[in-house]
Amino acid sequence: MSPRGWAVLTLAGLVVALVVVGALLIPWSRPPAPRADQLAALRALPVDQVARGRAFHAALRPGGYASLAVGLLIALALGLTPLGSRLVELAGRPFGGHWVAQAVLGGLAVLLLVDLLTLPLAAWRHTVLARYGLSTQGWGGWAVDLVKSYAVTAVIGALVLLGFYSVVRLAPRWWWAFGAAGAAGLVVLLSFVLPVLVEPVFNRFTPMEPGPLRTELMSMAARDGVPVRDVLVADASRRTRAVNAYVSGLGPTRRVVVYDTLLREATPEEVTSVVAHELGHAKDRDVWVGTLVGALGAAAAVAALYLIGSWPPLLRLAGVDSIAQPRAFPLLIALITVAGLVATPAQALMSRRVEARADAHALALTGDPATFEAMQRRLAGVNLADPDPPRWEYLWSASHPSTVERMAAARAYAREIGR
Ligand SMILES: [Zn+2]
C-alpha cells in the first residue's frame, strides 16, 4: 500500500479512536438543569449585575469577532495565494534560501504577521477591560505580557518548525506518520511542562499560607482521595480583578492553583467550594482526558493535512509544489485556522460536560449547595459574566455551563438531598 493509502487508514483509525474516547470518557449522560430552575436563578441575581455583565460582553463582542474574522482572512490570504510563500522566501533570502532559514524564520514571520495584524483589536479589547475596571494593567504591563507571549510562541514555534521540516527532509514519503506521532507526543509533553515552564513566565506561584483555610482544603483533598501536595496561589491581581482557579499539569507537575484575587474577594467557604470543583477535575483525570483528546486530534490533523495538502488545485493557489515545503507553511496555517474554527463548538461542548461533572463533584464533596450557588453568584459578579448568554454564542464557544445553569444545578442538588 502507498503512503497515501496508509494515511487514509491511519486517519480513519484516529477518527474512530477520537469518537470512542469521546463517547467513553466525556460524561454525556448528565442533562443540564431544568430551564425553569435556570430562569428562577436568573431572577435571583441583582438586576444591575446582570445588566453590567451583558453590557460588558456586548462591548467585547464586535472586537472579538472582528479579531476572529481578520485572523481567518489573513490566514486565507497568505495560504491560498502565492503571497505567503513569497513571504517565506523573503525571510530565507539573507541566508541564501537555506531550508532552515525558510522553515524557522519564514514560519515565524507568518505567525508574527497574523498576530501583528490583529494587534489593534487586542489593544482595543484591553481598553474595554480597563473601562469596566476588570484589568488592573496599564499599557506597560500589557505590552510586557504581549512580548512575553510572542517570545513563548517564538521558542515553541521555532522548535516545532525545525523538528517538523527536519522530519520532512529525512522521510520525504512518510513524514506525515512521524509528524502525526510527533504532534501527539508534543501535546502530551506540553501538558506536562506548561505549568512548570510557561505559566511561571506570566505569574508568580507561591504555596498557600498555612492557616485554617489551607488546613481545610488539604483535609478536603485527603477526604476526597485526591493527593494534593500543595495549593498554589497565583499573583493574578497584577493584571486582573477577575477571580478564578484551575488545575493543570500531569503526574508530578499536577497542581491546584487559586488566584490571589479569589482569596481576597470570596469567603473561605466559597474558596473551598471552588477548590472542590478543581478536585473534581483532578479526581476524574480531566487533564489526562483533555490531553488524550488533544493528542488524537493533533495526530488526525497531521494525517488530514497531508491528504488535503496533496490536492493539486490547493497547491496551485498557494504557488507551491508540495505541502511539505517550508514555502507551503502559510497554506498549512490556513488549513489549521479553518479546522480550529470548525472544531471550536465541539471542544466547547466537551468542555462544558466535563465542567458540569466537576460542579457535581463539588456539590457532593462539600454537601453545601447554598455556598456553591453564592460562589457562582460572586464569580459572575466579579468577572462580569453574562449569567445567561445568547444561545448561539454559548453553543459556539462557552467552555463552562452558564452561571444560571450552575446555580440551577445547585438548586436541583439541594432538592435531591432535601435541603
Ligand atoms: Zn473547571
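Residues numbered from 1 in each chain as written. Predicted model: local features only at pLDDT ≥ 70, side-chain atom pairs only at ≥ 80, totals over all residues. Heavy atoms only, no water.

Quick notes on helix H7 (residues 139-170)
- For H7, with 32 residues, the first-to-last C-alpha span of 46 Å sits near the 46 Å given by 1.5 Å per residue.
- Residues of H7 that are buried in the fold lie against helix H5 (99-117), helix H6 (119-131), helix H8 (175-202) and helix H14 (329-366). (Helix = DSSP H or I, 4+ residues; strand = E, 2+ residues; numbered from the N terminus. Expected span 1.5 Å × (residues − 1). Contact = heavy atoms within 4.5 Å.)

A look at the pattern of salt bridges
- Counted according to the given criterion, the structure contains 16 salt bridges.
- Close ionic contact of Asp284 with Arg357 constitutes a salt bridge, the shortest N to O distance being 3.5 Å. Linking Asp284 in the loop between helix H11 (268-283) and helix H12 (286-308) with Arg357 in helix H14, this pair joins segments that are 73 residues apart in sequence.
- Where salt bridges share partners, they join Asp284, Asp286 and Arg357 into one cluster. (Salt bridge = Lys/Arg side-chain N within 4 Å of Asp/Glu carboxyl O.)

Topic: the packing of aromatic side chains
- The full count for this structure, using the stated rule, is nine aromatic pairs.
- Pairing Trp175 with Tyr306 gives two aromatic rings, centres 5.4 Å apart and planes at 85°, and the pair type is edge-to-face. Placement of Trp175 in helix H8 and of Tyr306 in helix H12 is noted, with a sequence separation of 131 residues between them.
- Of the residues examined, Tyr306 reaches a relative accessible area of 13% and is grouped as buried.
- Ring centres of Phe192 and Trp288 lie 6.2 Å apart, and the angle between their planes is 85°; this geometry places the pair in the edge-to-face category. Here Trp288 lies in helix H12 and Phe192 lies in helix H8, a separation of 96 residues in the sequence.
- What links up through ring pairs into an aromatic cluster is the set Phe164, Tyr165, Trp174, Trp175, Trp176 and Tyr306.
- Directly above the ring of Tyr394 sits Arg352, whose terminal nitrogen or CZ lies 4.4 Å from the centroid. (Phe/Tyr/Trp six-rings, centres within 6.5 Å; stacked < 30°, edge-to-face > 60°. Buried < 20%, exposed > 50% of the residue type's maximum accessible area, 1.4 Å probe, protein only. Lys NZ or Arg CZ within 6 Å of the ring centre and 35° of its normal.)

Section: the sheet that holds strand S3 (residues 245-248)
- Overall, mixed pairing links the four strands, which are arranged S1-S2-S4-S3 in an open sheet. The sheet is open, and its two borders are formed by strand S1 (205-207) and S3, each paired with just one other strand. For this sheet, the mean inter-axis angle between neighbouring strands, taken without regard to orientation, is 35°.
- In this structure, S3 lies alongside strand S4 (residues 255-259), joined through four bridges in antiparallel fashion. Across the sheet, Tyr246 pairs through a bridge with Val257, a residue of S4. (Pairing = 2+ DSSP bridges. Axes fitted to C-alpha atoms, helices over the stretch in contact; angles between N-to-C directions.)

Overview of the coordination of the zinc ion
- The zinc ion binds to the protein through His277 (NE2), His281 (NE2) and Glu355 (OE), with metal-donor distances spanning 2.0 to 2.1 Å.
- Sequence spacing of the donors to the zinc ion: H-x3-H-x73-E. Here the residue His277 occupies a position in helix H11, and Glu355 occupies one in helix H14, the gap between them amounting to 78 residues.
- According to the relative accessible area criterion, His277 is buried, its value standing at 5%.
- The class of Glu355 is buried, set by a relative accessible area of 10%. (Donors = N, O, S within 2.8 Å, 3.2 Å for Na, K, Ca; no water.)

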